[in-house]
Amino acid sequence: VEAFVKTASPSSIVFRPCPERMPIACLARISVIDLSGAAEYAGLFDKMDPYIKLTLHDGEFDSGSSHRGESFRTGTKDNAGGTCSFNECFDINKPENMDVLRVELWDEDTASDDYMGCIDIDLDRIYEDFKSQPVVKTYTLVKGGKNVGNISIQIELRV
């Protein structure tokens, strides 16, 4: 069996060869890079304190928790407004039936956090196009049919 080595990080990581289609289960390494173009203020004098929430799901996110997998969130960027860098990395165990990654933008507040928008990313499509190679893409976050900002994310599916 031929293997290849990825050397983008300080330590070398050995991968097995990629199958032709999405593996049944794999490790998804998701790096949240930055946010841009979002609202500076979430209220009259309330500068946005953004954080990003990542949740794997099976395409039926709104149907309840049985359709959702692991969930992670970045740290909050206090008073950052609509443009900030996160540079946070998460290793997520992707079960066979969880092929969609929901990326949500939230504004942290004292009483309750405000949902600002989201995007669903089809991990099957990422895998078909890039196999196990890391890919950095910028996605438009949407709420109520309106663009609410852009999020840059690196996705790597490790088999």
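Residues numbered from 1 in each chain as written. Predicted model: local features only at pLDDT ≥ 70, side-chain atom pairs only at ≥ 80, totals over all residues. Heavy atoms only, no water.

A look at the pairing of strand E4 (residues 50–57)
For E4, the tally of buried residues reaches seven of eight residues, placing the bulk of the element in the interior. The pairing of E4 with strand E7 (residues 100–107) spans eight bridges and is classified as antiparallel. Residue pairing across strands places Lys-53 opposite Glu-104, the latter belonging to E7. (Buried < 20%, exposed > 50% of the residue type's maximum accessible area, 1.4 Å probe, protein only. Helix = DSSP H or I, 4+ residues; strand = E, 2+ residues; numbered from the N terminus. Pairing = 2+ DSSP bridges.)

Considering helix H1 (residues 123–130)
Within the span of H1, buried status applies to Leu-123, Ile-126 and Tyr-127. One face of H1 carries all of its buried residues, which in axial projection span an arc of 95°. In H1, the exposed positions that point more than 90 degrees away from the buried face belong to Arg-125 and Glu-128. On its buried face, H1 is in contact with E4, strand E6 (84–94), E7, strand E8 (114–122), strand E9 (135–143) and strand E10 (146–158). Where H1 ends, the next residue or the one after it, Lys-131, has phi of about 50°, a positive value. (Arc of directions from axis to C-beta. Contact = heavy atoms within 4.5 Å.)

Thoughts on the environment of Asp-91
Relative to the elements of secondary structure, Asp-91 occurs in strand E6. When its relative accessible area of 33% is taken as the criterion, Asp-91 is described as partly exposed. For Asp-91, the contacting residues outside a window of four places in its chain are Leu-27, Ala-28, Arg-29 and Phe-72.

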